[in-house]
Amino acid sequence: MDLLKNFASRVLGLDNTQVPQKQLNAVSELLSKHTFNTNTTDLKRFLKILKKKHLVDMICIAGRNGSVIASTANGNGLKEAITGTAMFNYINSEIPKSETVLVKSNEWYMLMPYKNKVFIVRAPASLSTVEFNALAKEVEDKLSKGKSF
Amino acid sequence: MGTVYALASGKGGVGKTTITANLGISLAQRGKKVLLVDADIAMANLSLLLGMHSSPITLHDVLLGESSLQDAIYDGPGGIFFVPSGLSFESYRRVDSARLAGVIASVKDQFDYILLDAPAGIETNVMSALSASDNVLLITMPVSPSIADVLKTKIVAERLGAKPIGIIVNFVRNEKGEVLPEDIMKMLELPIYGLVPYDNDIRKSFMREKIMPTILFKPNSKAVAAINIIAEKLTGVQTTIKIKKKGPITRFLNKLFSIFKRKPKQPLEEKIGKKRVKEKIEESFDEEVLPEINEDNIEMEE
């Protein structure tokens, strides 16, 4: 039956479908816009690429005592590091099992401890903890690989 | 140590769950120890397809920290092991899917393959499934909306550190308007792992008193043959995906058939020329098409 149907549709030219080429061209461009080469030895540049890759506005990595490890904030990120770690340490003292702190303002501020560091991120919308973890892991991998930073 | 594969798509309804179930059983039939996990925490239906929807302990309980994953692993059909997801709304609201990666890692060394049936979309639950996997198999239909969505899933997977390894094209009908596999490969920059044809036997597998994966009740169906090739590819057997190219006989037949084909309607511009079309449009504006609006033909409502 299928064979007859296929035969008939071929003879009668019933398959009038067409590949929507313009749509596909638009789709193809999408991938090139989201390809990020994080293979750089310059930490500042690496963080700038990560900002674009993870769609965040600012990344600041601080030690648990408030010292700045790296930052994309204007200036050297000292203010973000001190207030961020102070806020996280305070909340962690009140709720010892705190994994992430989310602050909703005009933008979102997110704080997360990862391997003895506090990651402070400012983003236009809230990140999920899975995304935040991926960002922190990527930074940590880079920091542990390139001790020269 | 087993390998965790997430089967993801972006768009819903492309056949993720069906392929996950059948692929898992196909791998088990090749002597592999396979765990299927219904990672679609909100819209779980792998358990329905496997006929195991009344399991007392589910992934919800595990993610809530109320049970261990070992207690949520059941013997499934065709020699697989299966972790169902709960169907309840209440537990879904309380579940933290971010724990999935840790939960899956705890049983990785007990299985050869762990297949995660990821939800559609790119929301948190999907991200959790992607980040819990080592490799991602992207499933798409050969049409542009599905490819656009799967592309986004690929971008998200890469952002999360997961590794998309290949594409499974489902519902292949070989129609003229379908995007060709080689174009899909180019667009997604990934190899094709399988071309699964549209098969009525798959649809019919849902329309039985006892639902079961097609591989068990119609093992000789076209779609199952394609899924078996994917399983072979995953187990390291050298297989080649045959992408049909028109041979000399097909080309000859197409030419022959084209004599009988109805000619598509010619666009007006081609028929009478651009200039004449312009004149025709202008003529139509000159004619009085709309009635004149005046006080007599307007009804005022108070």
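The structure under discussion appears in the preceding block.
Numbering of residues starts from 1 in each chain and follows the order in which that chain's sequence is written. In the order they appear in the text, chains get letters beginning with A and ligands get numbers beginning with 1. Local features in this predicted model are restricted to residues of pLDDT 70 or higher, and side-chain atom pairs are both shown and tallied only at a pLDDT of 80 or more, whereas totals for entire chains, interfaces and linings draw on every residue. Working from all heavy atoms in the structure, the side-chain values ignore hydrogens and water.

Student: I'd like to hear about the overall build of chain A, residue by residue, with values.
Tutor: Strands are runs of DSSP state E lasting at least 2 residues, helices are runs of H or I lasting at least 4, and numbering of each runs from the N terminus. Counting secondary structure elements, chain A contains five helices and five strands. In chain A, the succession of α and β elements from N to C terminus is α-α-α-β-β-α-β-β-β-α. We compute the radius of gyration from the C-alpha atoms alone; for a globule the expected value is 2.2 Å times N to the 0.38, where N is the number of residues. Radius of gyration (C-alpha) of chain A: 24 Å, far over the 15 Å computed for a compact globule of 149 residues. Expressed along its principal axes, the backbone C-alpha trace of chain A runs to roughly 75 × 35 × 30 Å. Looking at chain A alone, contacts between residues at least 24 apart form 43% of all its contacts between residues at least 6 apart. Methods summary: accessible areas were calculated by the Shrake-Rupley approach with a probe of 1.4 Å, and residue burial reflects only the protein chains presented. Looking at chain A as shown, the accessible area adds up to about 9,200 Å², and 53% of this sits on carbon and sulfur atoms. Contact criterion: two residues are considered in contact whenever any of their non-hydrogen atoms come within 4.5 Å of each other.

Student: Could you give an account of the environment of A21 of chain B, with specific residues and numbers?
Tutor: All names here are of chain B. Looking at where A21 falls in the secondary structure, it is placed in helix α1 (residues 16-29). Think of it in three bands: residues with accessible area under 20% of the maximum for their type are buried, residues over 50% are exposed, and the middle band is partly exposed, with areas taken using a 1.4 Å probe on protein chains only. Here A21 falls in the buried class, since its relative accessible area comes to 0%. Along the backbone, A21 and Q110 are 89 residues apart, and their C-alpha atoms lie at a distance of 19 Å. Ignoring any residue separated from it by four or fewer positions in sequence, one finds A21 in contact with L36, L46, L49, L50 and P213.

Student: Would you mind going over the packing of aromatic side chains in detail, with residue names and values included?
Tutor: Planes of paired rings set the category: under 30 degrees apart is stacked, over 60 is edge-to-face and the rest tilted, where pairs are Phe, Tyr or Trp rings (Trp by its six-membered ring) whose centres lie within 6.5 Å. Tallied over the entire structure, the rule returns four aromatic pairs over all chains. A ring pair is formed by Y114 of chain A and F119 of chain A, whose centres lie 6.2 Å apart and whose planes are at 85°; its orientation type is edge-to-face. As far as burial versus exposure is concerned, Y114 of chain A and F119 of chain A are alike and both buried. Their ring planes at 35° and their centres at 6.1 Å tell us that F171 of chain B and Y198 of chain B sit as a pair that is tilted. Of this pair, F171 of chain B sits in strand β7 (residues 163-172) while Y198 of chain B is found in the loop between β8 (192-197) and α9 (200-204), placing the two residues 27 residues apart along the sequence. A ring has a charge above it when a Lys NZ or an Arg CZ is no more than 6 Å from the ring centre and no more than 35 degrees off the ring normal. For K33 of chain B, the ring lying beneath its charged end belongs to F81 of chain B, and the centroid distance is 5.5 Å. Sitting over the ring of Y193 of chain B, K233 of chain B keeps its end group 5.2 Å from the ring centre.

Student: Help me get a handle on the sheet that holds strand β4 (residues 81-83) of chain B, residues and values and all.
Tutor: Residues and elements named next belong to chain B. Sheet architecture is open: eight strands sit in the order β3-β4-β2-β5-β1-β6-β7-β8, paired in mixed fashion. Lying at the two open borders of the sheet, with one neighbouring strand each, are β3 (74-75) and β8. Two strands are counted as paired when DSSP detects at least two bridges linking them. As judged from the five bridges shared by strand β1 (residues 3-8) and strand β5 (residues 113-117), these two strands associate in the parallel manner. Residue pairing in the sheet places A6 in a bridge with L116 of β5.

Student: Requested: an account of the interface of chain A and chain B, with residues and values cited.
Tutor: At the junction of the two partners, chain A supplies 27 residues and chain B supplies 29 residues. Note on definitions: buried area is the accessible-area loss of two parts on being combined, 1.4 Å probe, summed for both. Taken together, the two surfaces of chain A and chain B that pack against each other cover about 2,500 Å², and 66% of this comes from carbon and sulfur. The salt bridge definition used is simple: a Lys or Arg side-chain nitrogen within 4 Å of an Asp or Glu carboxyl oxygen. On the surface where chain A and chain B come into contact, there are one salt bridge. Close ionic contact of R159 of chain B with E131 of chain A constitutes a salt bridge, the shortest N to O distance being 3.3 Å. Pairing of N or O atoms within 3.5 Å defines a polar contact, subject to two protein rules: one partner must be a possible hydrogen donor and the other a possible acceptor, and residues neighboring in sequence count only if both atoms are side-chain atoms. If you look at where chain A meets chain B, you find five residue pairs in polar contact (both at pLDDT 80 or more). Residues are grouped as follows: Ala, Val, Leu, Ile, Met, Phe, Trp, Tyr, Cys and Pro are nonpolar; Asp, Glu, Lys and Arg are charged; all remaining types, including Gly, are polar. Of the residues contributing to the side of chain A that touches chain B, the split by class is 13 nonpolar, nine polar and five charged.

Student: Outline the side chain of N228 of chain B, supporting the account with residue identities and numerical values.
Tutor: Residues and elements named next belong to chain B. Here N228 lies in helix α11 (residues 222-234). One polar contact links N228 to S26, side chain to side chain, over a distance of 2.6 Å. The residues touching N228, leaving out its near neighbours within four places in the chain, are S26, R30 and I215.

Student: Give me the sheet that holds strand β3 (residues 101-104) of chain A: which residues, what numbers.
Tutor: Residues and elements named next belong to chain A. With respect to topology, five strands assemble into an open sheet ordered β2-β1-β5-β4-β3, the strand pairing being antiparallel. Taken across any chain shown, the strands that pair with only one partner, and hence form the sheet edges, are β2 (68-71) and β3. Strand-to-strand twist of the sheet, defined as the mean angle between neighbouring strand axes without regard to direction, takes the value 15°. Pairing of strand β4 (residues 108-114) with strand β5 (residues 117-123), which is carried by seven bridges, proceeds in the antiparallel orientation. Looking across to β5, one finds that P113 is bridged to V118. Convention adopted: a line fitted to C-alpha atoms gives each axis, helices being fitted over their contacting stretch, and angles between N-to-C directions are expressed from 0 to 180 degrees. Its contacts with the sheet place helix α3 (residues 43-53) against β1 (58-63) and β2, and it is angled at close to 130° to β1.

Student: Requested: an account of the environment of A162 of chain B, with residues and values cited.
Tutor: Residue and element names in this part refer to chain B. Turning to its location among the elements, A162 is positioned in the loop between α7 (144-159) and β7. For the pair A162 and A6, spaced 156 residues apart in sequence, the C-alpha separation works out to 9.2 Å. Contacts of A162, omitting those with residues within four sequence positions, involve L130, S133, V136 and A157.

Student: Give me the packing of α7 of chain B against helix α8 (residues 181-188) of chain B: which residues, what numbers.
Tutor: All names here are of chain B. In contact at an axis separation of 11 Å, α7 and α8 are set at 35° when each is read in the N-to-C sense. The handedness of the crossing between α7 and α8 is right-handed. Each of I147, V150, L151 and K154 in α7 lies in contact with α8, whose residues at this interface are I184, M187 and L188. Of the residues assigned to the contact of α7 with α8, the class counts are six nonpolar, no polar and one charged. Here a crossing is called left-handed whenever its near helix is offset anticlockwise from the far helix by less than a right angle, and right-handed whenever the offset is clockwise.

Student: Before we move on, can you summarise a positive patch on the surface with the specific residues and values?
Tutor: Residues and elements named next belong to chain A. A patch consists of residues exposed above 30% relative accessible area that lack any salt bridge, with like charges linked at up to 9 Å and nonpolar side chains (Val, Leu, Ile, Met, Phe, Trp, Tyr) linked at up to 5 Å. Only four residue types enter the charge count, namely Lys and Arg as positive and Asp and Glu as negative; His and the chain termini do not. We put the charge of a Lys on NZ, of an Arg on CZ, of an Asp on CG and of a Glu on CD. On the surface, K44, R45, K48 and K52 cluster together into a patch of positive charge. As for its placement among the helices and strands, K44 is situated in helix α3. Among the residues examined, K44 registers a relative accessible area of 48% and is labelled partly exposed.

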